[in-house]
Every structure is written in C-alpha cells, then in structure tokens.
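# Architecture at a glance
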Amino acid sequence: MTETASGRLSLGQGTALYIGAVLATGVIALPALAADVAGPASLLAWLGLAVVSAPLAATFAALGARYPDSGGIATYARLAFGERAAAIVGWCFYLSVPVGGPAAALWAGGYVESALGGGRGAVFATMLALLAIVPAANAFGIEVTGRVQMGLAGLLTLFLGLAVALSLPHADLSNLQPFAPHGWQAIGPAAALLVWSFVGWETVTYLTAEFRRPARDVPRATAVAVIVVGVIYLSVAFATITVLGPRAADTDAPLGDLLAIGLGGNARVLAAAAALLLTFGAMNAYYAGASKLGAALARDGALPAWLARGSSAGVVPRRSLAVLSAMSMLTAVVVVAAGLEPESLVLLTTGLFVTVYAVGVAAAVKLLPRRSRARLAALVAQGAVVVLLLMAGVYLLWPALVSVAALLYLRLTHRRP
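Residues numbered from 1 in each chain as written. Predicted model: local features only at pLDDT ≥ 70, side-chain atom pairs only at ≥ 80, totals over all residues. Heavy atoms only, no water.

## Some words on unusual backbone geometry
Our working definition: Numbering of helices and strands runs from the N terminus, with a helix taken as a DSSP run of H or I at least four residues long and a strand as a DSSP run of E at least two residues long.
Residue Pro-178 is reached from Gln-177 by a cis peptide bond, and omega for that bond is -10°. Assignment of secondary structure puts Pro-178 in the loop between α7 (142–167) and α8 (187–198). One non-glycine residue, Arg-371, adopts positive backbone phi at about 65°. Inspection of the secondary structure puts Arg-371 in the loop between α13 (342–367) and α14 (373–392).

## Describing the side chain of Ser-53
Convention followed: Only protein chains enter the accessibility calculation, which uses a 1.4 Å probe; a residue whose area is less than 20% of its type maximum is buried, one above 50% is exposed, and one in between is partly exposed. Under the rule applied, a polar contact is a pair of N or O atoms within 3.5 Å (in protein, one hydrogen donor and one hydrogen acceptor; residues adjacent in sequence only if both atoms are side-chain atoms). Contacts were defined at the residue level, with two residues in contact if any of their heavy atoms lie within 4.5 Å.
Turning to its location among the elements, Ser-53 is positioned in helix α3 (residues 42–66). On the basis of relative accessible area, Ser-53 is assigned to the buried category, the value being 4%. Only 2.7 Å separates the side chain of Ser-53 from the backbone oxygen of Ala-50, close enough to count as a polar contact. Setting aside anything within four residues of it in sequence, one finds Ser-53 in contact with Phe-198 and Trp-201.

## A word on the environment of Phe-93
You can see Phe-93 is positioned in helix α5 (residues 83–116). Judged by relative accessible area, which is 0%, Phe-93 ranks as buried. Along the primary structure Phe-93 and Phe-353 are separated by 260 residues, whereas in three dimensions their C-alpha atoms are 6.6 Å apart.

## Remarks on the environment of Pro-169
As for its placement among the helices and strands, Pro-169 is situated in the loop between α7 and α8. As for Pro-169 and Ile-261, which are separated by 92 residues in sequence, their C-alpha atoms are 9.7 Å apart.

## With respect to a nonpolar patch on the surface
Rules: Residues forming no salt bridge and having over 30% relative accessible area are the ones grouped into patches, like charges within 9 Å of each other and nonpolar side chains (Val, Leu, Ile, Met, Phe, Trp, Tyr) within 5 Å. Computed with a 1.4 Å probe, the accessible areas rest on the Shrake-Rupley method; for each residue, only the protein chains presented here act as cover. Whenever a carboxyl oxygen of Asp or Glu lies within 4 Å of a side-chain nitrogen of Lys or Arg, that contact is scored as a salt bridge.
A contiguous nonpolar patch, built from Leu-44, Leu-47, Val-51 and Trp-184 and spanning about 410 Å² of accessible area, is present on the exposed surface. Topologically, Leu-44 is positioned in helix α3. Residue Leu-44 is classed as partly exposed on the basis of its relative accessible area of 39%.

Quick look at the structure:
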C-alpha cells in the first residue's frame, strides 16, 4: 500500500539530493577513463548519455510525483507487474550500494593519495573512513541529510565551474584530433563506463515520500538537476580533453590537473577536498535512498520483517542503514584483500542499475496516463534503456544472479504472488 507523503524535504533540499546523486564521483575519474577508451570521441558518449538522461529523469519524476513512496521503483514495479518484479528491482538497487559505495570511495582515495602521498594505504584508509562517516550522517535523519546536501551541492557546483573556467583558456582544439583514435566502435565501451555518471535519477524516487509537496516539487527538482548536471559533465569532459590532450588518458586525477594548469603550481590538495565532498554527497544520497528502500522491501515482504522499521516518511531506517553499512564494509575487506580497482566494481554496479532502469521504465509505460507527456518520455526512455542493456553485456550476469536470489527468497518465505 502506498503511504501518504508527510515528509520534510524542501524543493531546494530535494534538488540538492538529485544533484548529489547524479553528479556522482564519476566526474573525478571517468573523463580520463573514457578518454583512454575512445579518445576525443568519448565526448559523443558524454553527449549521448546527457541527452538520454533527460527522458529517464522525467519518467522517474512523473512516477515519483504520482506515487510517492519509500519503495520507489520497487513500488512502481509492484503496481505494474506484481511482487516478483518488485522484489527483483528492489534487490538490484539495494545491493548496488554496497558495491558502488566502495568504488566511489576508492576514487576519492586516489585523489587523497595524489595530494598527500601514502600509497595504497592512504587510498584504503580514505575508503574505510567514508564508508563509516556516510551511514553515520544518515542516521540523524533525512532533514539533516537534506541540509548537508544543499551545502555540498553549492560548493561542488562552484568548484567544478571554477576548475573548468580557469583551465579553458589553456585549451588547444588540436587536441581533438585524431577524434576517434581507437575507432568509432570504442564509443560504446566508453559509454558503458559513463553510465555510472548518469545513474541517480532513480535514487530520489525512494525519497519522494519525504518531500513536503512531492507532486509539485519532484518534477521541479528534477528539471533543475538535469540542466545543472548535463552542463557540468559536458564542460568537465571537454576541458579534460582539450586542455590535457594526450595526458587525459593517463591521469588519475583530471580535476587536479585542470586546477594546477588554471591556478599554477600544485592544486591537488584542493582537488582532493573536492573529490571528498563530491563522493560524500553522492554516497549520502544513495545511502539515504537505499536505506529507505530496504525498509520498504521488508514492509512488503521482500526482505526480513526486522528491517521494516523506517519505511514511513519521517522515520529513520536505521536497521536497513546498518545492514547496508555492514555489507559495504564486507566489500571493502574484499577490495583490500584482493587489491581490486574501482573500474571492476563500477561495471558490476552498472549492470544492476541498468536492470533497475529497464524495469522502472517499463512500469512507467504501463502506469502513466496514455497520451501524456510523461508517458511519451517513458517511451523514449524505454528505447534508450534497450541500448544501455546491450552495452552492459556480460555484466548483466550479476543482476541475473541477484534476481534468482530475490525470487528464491520469496519462495522460501512462502510468499506466492
């Protein structure tokens, strides 16, 4: 049953959560990684995903405004397709956070190590610190989370704009040639990496019940975030390639290099601070949304009932948050023991996110009113999701396993939808 919204998030706080969720940690590393894969042609991957994100964002905003509930996409899947679909999409998103969170924290650790030294020890220490601090901050409730996010969003938008503005006078358009050094087919793999940067529109659907006026504020917050995020991503990617040139494919800290060129000297300490803030903001939004989702899944029988406390608006889902934190720490232990790089975790997470998008958009096509602009956006988004599924390729095996586990849980708990 969908709960009545009685939340505390203002329009500004909600917009900040969107920006924090979507303006993710990918901006501190992925421009360089995509340039390594596809060269300057990676800009087409950035542009394509920015365009695709608009109908996706509009689709989830329409659903969130119409069905404000802490179950988010899991609730939409249940209304459209039943309990099995809700369990699958819910598990896919819930389990994406303990994998994606450590990946994001590793990137931030790379910036800290670049600025202060300390080798892999500094990287791992940064990861563990973020994995401890973010859940602790969320334990104080969504109103505190929203206020923190507003400050972070303003600082990060200012910082990224500054990095681009100061470095662009040093841009050289000849760095755009050759435009596709690895062939046009390299744009697909680059886009698969960059999907990480544009996920997040689904995250705030789990918090729509926390908005004071979801029917009005969710679409407005989404519209502002789409514009801000698109402009920032494209600007940073363009500056990375035109300013850094061939070095763009080799740097571990592109924002630090851009600032160093724009300001002169070593600006890596500033870049490390920005990376930490950016990572904290993204993780903050994801842990807030996923913890609410976990409580809602438990409420609806797709997770143990012990986790259900906190599914209602205004109640902190501390038990769900504690489970997310424990799983994240377990992933961190595996990362340290195996010496994993963040790219492998990113691609695993991408498979889960694309699955969530596929089910969510299909639910929108079924639930939204016919001949409405929102349903038209959902139809456009559905075509885009098909392309994303093709790009995810072998990494869809992970969500397939998660789906089997979700269905097995329903069977073992004797739920027969």
